[in-house]
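Geometric and topological summary
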Amino acid sequence: MPSSFAKGNTKPNPGGPGDKYSGQGSKAASPEETTIRIASHLNHQTYFIGGIKVHFPFKPYPSQLGMMNHMIRALNTSKNTMIESPTGSGKSLALLCAALAWRRNYTTKNKQRVSNVRQAIRRYIKGGSLLPEADNKGQDKDAKAQVTSSEDTKPDVKMEIDSSAALTGGSILDKLAGDGHTDSTPALDIKPKIENSDITPDDRNNINNGDGDGDDDDDFVDATLKPKLSAAEKQSTGPEPIPGLPAPGSVAMDDPKHPKIHIDNTEILLIHALHDLAGTAEFIIQAAKTRMPPGMDQQDIDALIEFKENGSTESTPRIYFGSRTHRQVSQLVDELRLKSAYRLQTAVLGSRTQMCIHGEAIKTGSIDDACRKLIETDDCGPYRSHRKISGHPKVRFGGELEIWDIEDIVKLGKQQFACPYFAARELADNADLVFCPYNYILDPGVREAAGILLDGSIVILDEAHNVENAAREAGSVEITDNQLLILIGECQAMSKAGHIPETHQFVGQFAESLLTWLQEDFDDYEHQDFETLTAVWPRKGASIHDLLNQLAMTPAFTVRLQQAYSKLEDFIKEQRTIHADNQRMASGGALGKNGRGGELLDDIDSDSSHLSNISMRVVSSLLRVLKHLSHGGRYSSDYRVARIRRTAMTTEPLLANRKRKKSITPAAGTQEQVNTLAFWALNPGVVFSEIASQTRSIVLTSGTLSPLGSYASELQVDFASTLEANHVIDPSRFKAMSIMCGPAGTMLEAKYKTVDTMLFQDDVGASLCSIAASCPDGMLVFVSSYSLLNKLFMRWRTTKLMDRLEGCKRVFVEPQGGSKEAFEKLLNEYRNSLVENRVQGQPLERGAVMFAVYRGKVSEGIDFSDFFCRTVVNIGIPYPAFKDVKVTLKREYNDTMAKQQPRRQQQQQQPHSSTPGQQSSAALLNGSAWYEIQAFRATNQALGRCLRHKNDWGAIIMLESRFANEWNVNKLSKWVRSHMRVYSNFNRALADLDDFYRIRAAEDMAAHSPGDNLLATDSGHSADAVTTKLESSDSE
Ligand code: SF4
């Protein structure tokens, strides 16, 4: 049953509800003509949200309605927004449906807007006047209407169209000016011809060849055919000549080879006018200020004004939907495919590791390198036929796999013996919705390599709680001596082979001098830890620019490096083209063995004919950072430069050391020295603001964005609105507690000094034992570090408290380091122990407890729904390592930058100030505030491990007295802080907890009918066989 919700947006927007040009009185484009189809076989209901029709598979939760409304309003106004909504609230589906509904609506309305504008222009030209009559003849003498009628004053110019072109009937205008027309130049062989002309031989001498350049266009045409405009007007108002089409009134000589179709000059004028809608609209608006042009009315002018003001693009924004990991991306694809009714052209970007189907390449363990070599030597059959996938009807719009995921395309690739990796990239080029891990969007290097163009697009980043750190990482560059040595070697080889030797020598010599500096001894290193020495600039009166000058990285050098890099790029393209030509000749086929002709692929690499991708990336990343740092560079104060020397254990010799020691067979476990030059971006806005400047809207969303206030300041982007949605779980289904003291009355405050005391360790242990004894099934305990975990365990073993704990629960500990597989195994053992512990839907006496650290493997991306976790216990507040050099630098940076802000802005910087619409990129948090936020964000992330869906239930316990303080509670996610209850007496807290568990367990029992699968979880997952599959990023 359709319902109406939040028709709040009254501002006229393109395609928005207040858009008065949205179809009234004119023919609306049918939804079927838009780029998004509604799948009829899926049950869905229709809701009007923010004035837009949204198809949703079931009755939305109030929080889902809120999110959809919020998102639609942001998209309507081309603003950025943040949405925090707890896990299990259906956030992803709501955001997908809202975004796709908006896009569908935008396409429909935008087509109508463009159609209205086209009709207005058509009426204007057909009406016979191209300029208003000048009121002031003196002033407007040059601009006076000189084209007043395309019929009675023009020469009889006709358009000739090569009949071999795909124009088979109707007016060319119908083809070019129709609703489906885009701004691309029509691929028609069009030549103009003069028939029955009054044009003199002099006129013919001025015939323009249609390239549209120069004044000849104006000179040739009968003065009445084109308005004479000032240079500025020409730039800003008149339609530009269209490449491949003659300028209005221009002609070319006949080509007797082809039969012709004739169109008259009015149509040429229209084609040109319609080619540049924005320019022509502006021109007519100005003309109408003097007098309403014949054939037009105010509605036409209004349509032109609206079009000019609200954007002149004819294309619908592409949506990039990113999440943290590939597994999370897969979940998004499933939401779209299985639950949403929207169907459109989609693509998923992934890595070769996930998509390669070449058996030998997979076996090498370095698929990227192997792939590049196989392509270079034309030895990858799947690569040669990758277009079998990208052109396959199954993955096209309307096909069986129109919404596909990586495993689908890999399966299809195996069937077709075609490379899924390159097919995916090609499909992404034409997709309306592209899914990818969000580092593909954040990292400028990865973005470029993946061919992602953000212009005018909508970027939605799910699981965005790490975006701030990820953006800072993406803006940073670290170059090791090993990378420099590879670059030097390649440059020497290229130079020796005579390949643009000066350029390769220039780059190679620079790399050599940098390597020499990096490897020489340095007296001013400081110990960061046992294995790491660091020196940071600015230091002791030496600025970063002093260092760059010392390294000869001056602004002039940056210019030279840019020139060299451009030459290297050109050279690589040239080499690849030559290579492709050689292959073509060798195979004797038109397209060559690899079937791609001369197409350039930036992933192709070669050891012999040009610099490798690794080396090119060293140069390009250095170049990028030098531009930021150059004098006057926008971000010159946002970086710190570090020289780092690490001693690392390695099983393989580093190239740099191999050369130095002339050894190629080191024993396993050899100590190696690694020197690194680091450019650390302390401001995530370095990369994020660039993204924001290109996109239409950015939507950040996560279950744990709180505190929201820091995002705008840190990312240097204005978020016009924020939303903190409530949990969909009924408050009676969870308990949020802050327990100040242990059973022995010790104040539980896990600070640096107190965690070493026996009183603290013993009473924390006693508290955990009591909670573990009361809590059914699974339980997670988070502490701030592995070292604290070790201390606690050591003490508890000594006091035998561990025996007590193990009597209540089987104890698991998240490993520090270790392989992904080992962690997977541990996780599965934990889960299976809980499955085995259940009989007839009820837990036996022992459940399991998993000890983990904040920001560790367990704290992010792993689902502990239902009986896999009925309690999360948080010990302490996980502030980042105070002495970590990057943390110290970041704090100092924020302090410095915050001081430079006006006092008024500093007042906005309270970590929890998240007033909608008030976020300012300038209101940077000071160092302490930033530091605090990192701690509470990690806390929020950990406590979100349980309570994963509407029917879930569990307890969240802060075993930390500082959460008696409202200041700290207010930094937790909204759904927790609003229900937090503080206990100063442990026994009282435990009694309440017992009651909660008992009531919930009883209701669980009552909810299961005798025939139920008593091992099934409430989220619908069978717990019979628990297997967790992690991907590498999950286990980081
Ligand atoms: S082209 Fe594709 S199939 Fe061939 S090696 Fe590369 S990723 Fe693998």
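Residues numbered from 1 in each chain as written. Predicted model: local features only at pLDDT ≥ 70, side-chain atom pairs only at ≥ 80, totals over all residues. Heavy atoms only, no water.

The name given to the protein in an unreviewed UniProt entry is Regulator of telomere elongation helicase 1 homolog, with Coemansia erecta as the source organism. In the Cofactor (unreviewed entry) part of its UniProt record, the protein is described as follows: "[4Fe-4S] cluster". Here is the UniProt Catalytic activity (unreviewed entry) comment for the protein, exactly as written: "ATP + H2O = ADP + phosphate + H(+)". (UniProt positions renumbered as here; feature names shortened; annotations may be inferred.)

This paragraph deals with the sheet that holds strand E22 (residues 778-783). Strand pairing in a sheet relies on backbone hydrogen bonds, with the paired strands running either antiparallel or parallel. Within the open sheet, the 7 strands sit side by side as E23-E26-E22-E27-E28-E21-E29. Their pairing is parallel. At either end of the open sheet lies a strand with only one pairing partner, and these are strand E23 (809-813) and strand E29 (980-983). For this sheet, the mean inter-axis angle between neighbouring strands, taken without regard to orientation, is 20°. In this structure, strand E21 (residues 734-739) lies alongside strand E28 (residues 954-959), joined through 5 bridges in parallel fashion. In the strand pairing of E28, Ala736 is matched with Ile956. Against the sheet, helix H29 (residues 758-774) contacts E22, E23, strand E26 (847-853), strand E27 (871-875) and E28, and its axis sits at roughly 175° relative to E27. Seen against the sheet, helix H31 (residues 801-808) touches E23 and E26 and runs at an angle of roughly 110° to E23. (Pairing = 2+ DSSP bridges. Helix = DSSP H or I, 4+ residues; strand = E, 2+ residues; numbered from the N terminus. Axes fitted to C-alpha atoms, helices over the stretch in contact; angles between N-to-C directions. Contact = heavy atoms within 4.5 Å.)

Let's shift gears to helix H38 (residues 986-1007). In this model H38 runs 31 Å from its N-terminal to its C-terminal C-alpha over 22 residues, within 8% of the 32 Å that 1.5 Å per residue would give. Inspection of H38 places Phe986, Ala989, Leu990, Asp992, Leu993, Phe996, Tyr997, Arg1000 and Asp1004 among the buried residues, and these make up the whole buried set. Down the axis of H38, the buried set is contained in an arc of 160°. They therefore lie on one face. More than 90 degrees from the buried face of H38, the exposed residues found are Asn987, Arg998 and Ala1006. Here the buried face of H38 lies against E21, H29, E27, E28 and E29. At the N-terminal end of H38, a side-chain oxygen is found 2.8 Å from the backbone nitrogen of Asn987, two or three residues along, and the residue is Asn985. (Expected span 1.5 Å × (residues − 1). Buried < 20%, exposed > 50% of the residue type's maximum accessible area, 1.4 Å probe, protein only. Arc of directions from axis to C-beta. Polar contact = N/O pair within 3.5 Å; in protein donor to acceptor, adjacent residues only side chain to side chain.)

Another aspect to go through is the environment of Glu1003. Mapping Glu1003 onto the fold places it in helix H38. Residue class for Glu1003 comes out partly exposed when judged on its relative accessible area of 41%. Within the structure, the side chain of Glu1003 is placed 2.3 Å from the side chain of Arg1000, a separation counted as a polar contact.

This part is about H31. Listing the buried residues of H31 in full gives Leu801, Met802, Leu805 and Cys808. The buried side chains of H31 occupy one side of the element, clustering within an arc of 115° when seen end-on. Turning to H31, the residues buried within the fold contact H29, helix H30 (786-798), E23 and E26.

Formed by 147 residues in total, the largest nonpolar core has its most connected members in Phe435, Leu461, Phe679, Phe688 and Leu700. For this core, the leading source of residues is helix H2 (residues 91-126), giving 11 residues. Among residues more than four places away in sequence, those in contact with Leu700 are Thr81, Met82, Ile83, Leu461, Ala464, Phe688, Leu705, Tyr711, Leu715 and Phe719. (Core = buried A, V, L, I, M, F, W, Y, C linked by side-chain atoms within 4.5 Å.)

To continue, consider the pattern of salt bridges. Applying the stated criterion across every chain yields a total of 35 salt bridges. Close ionic contact of Arg387 with Glu426 constitutes a salt bridge, the shortest N to O distance being 3.1 Å. Linking Arg387 in helix H15 (residues 387-390) with Glu426 in helix H17 (residues 420-429), this pair joins segments that are 39 residues apart in sequence. Exposure remark for Arg387: the relative accessible area of 36% places this residue in the partly exposed category. When the shortest N-O distance is used, the salt bridge between Glu724 and Arg977 registers 3.2 Å. Of this pair, Glu724 sits in strand E20 (residues 721-724) while Arg977 is found in helix H37 (residues 974-977), placing the two residues 253 residues apart along the sequence. Each of Asp334, Arg337 and Asp408 takes part in a single network of salt bridges with overlapping partners. (Salt bridge = Lys/Arg side-chain N within 4 Å of Asp/Glu carboxyl O.)

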